[in-house]
Amino acid sequence: MRKLYILILLLVIGAASEAQPNYWNAQPTGGGNVFPFSTLPITGKKVQWVITAAGTSGGFNLPAPVPAGNNITSIWFWTNSAGNATYSNLTIRMANVPTTQFLSTGAFYTGPMTTVRSQNTSLAPAAAATWVNIPLTTTFSYNPAMNLIIEVYQCGYTGTGFSIRQQAFGASPNFRRQWSDGSSICGVTSSTTGDLNVAGIGISVIPAVPCPTPAAQPTGLILTAVSQIQIDGSFTAAVPPASG
């Protein structure tokens, strides 16, 4: 009986340890916001955030700065409410950008980005002040020495959306958040405003596996020409012997 109790306790501890990201930028205590998971259930909403380089204010510094050499496998958001919704074409894109790259007021970042998830997705955080996990369908090669732009948009949802908590980082004009207007489909059109607020965002990572070094190839090969001989003629298929 004691062994069974210990096993159950270990399973509970293991499950709890998996219910949070490996690294995150903040766990705000306030600043609830409905963008992009709890607004415009018909047309959808888009938000972009800037996560600064690890070791700087606003970077993935908790519980320690994220090290180099990792791929992001999932993204997490720090909730401000419970919810249970299915999002149409929930799309997440990411880009490593220079540390001088931030967002301009009223404009989305339009440089190259990698789509790491794009499909209908159900999310159901149970309460406020919890992490909700969104696994990526494509891992992202993350460089923590650079800024990271994260874009999330949905094209409508059913059910009850959830809000997320955020806090301000940095100072104008280096804006950290840009969002879409109130009517464009999937939030394709930017609003005319932006600000310094960044959601509580976390990441799960795995070590990036380098490409294996090719095996040494033989050198000094000598190729010799071989002549081809054509044989003309006809052939008769062999007749199998009669069975007795």
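Residues numbered from 1 in each chain as written. Predicted model: local features only at pLDDT ≥ 70, side-chain atom pairs only at ≥ 80, totals over all residues. Heavy atoms only, no water.

### What about the nonpolar core?
Core analysis: the largest hydrophobic core is formed by 37 residues, its most contacted members being Phe37, Trp49, Phe60 and Phe77. Sorting the residues of this core by element identifies strand E3 (45-51), strand E4 (70-78), strand E5 (84-97), strand E6 (114-123), strand E7 (131-142), strand E8 (147-154), strand E13 (197-199) and strand E14 (201-207) as the ones contributing at least two each. The contact partners of Phe37, leaving out residues within four places of it in the chain, are Phe77, Tyr87, Leu90, Leu123, Ile134, Val152, Tyr157, Gly161, Phe162 and Ile164. (Core = buried A, V, L, I, M, F, W, Y, C linked by side-chain atoms within 4.5 Å. Buried < 20%, exposed > 50% of the residue type's maximum accessible area, 1.4 Å probe, protein only. Helix = DSSP H or I, 4+ residues; strand = E, 2+ residues; numbered from the N terminus. Contact = heavy atoms within 4.5 Å.)

### Focus on the state of the cysteines
For the structure shown, the criterion picks out 1 disulfide. Across the disulfide from Cys155 sits Cys186; the S-S distance is 2.0 Å. Taking the torsion about the S-S bond as the criterion, the Cys155 to Cys186 disulfide, at about 120 degrees, is right-handed. With Cys155 in the loop between E8 and strand E9 (157-160) and Cys186 in the loop between strand E11 (177-180) and strand E12 (190-195), this residue pair connects regions lying 31 residues apart in the sequence. The residues Cys155 and Cys186 share a single accessibility class, namely buried. (Disulfide = S-S within 2.5 Å.)

### Overview of the sheet that holds E7
Reading across from one edge, E1-E14-E4-E7 is the order of the 4 strands in this open sheet, with antiparallel pairing throughout. Edge positions in the sheet fall to strand E1 (23-24) and E7, since each of these pairs with one other strand and no more. Relative to E7, E4 runs antiparallel, the two sharing 8 bridges. Among the inter-strand pairings, Phe77 is bridged to a residue of E7, identified as Val132. (Pairing = 2+ DSSP bridges.)

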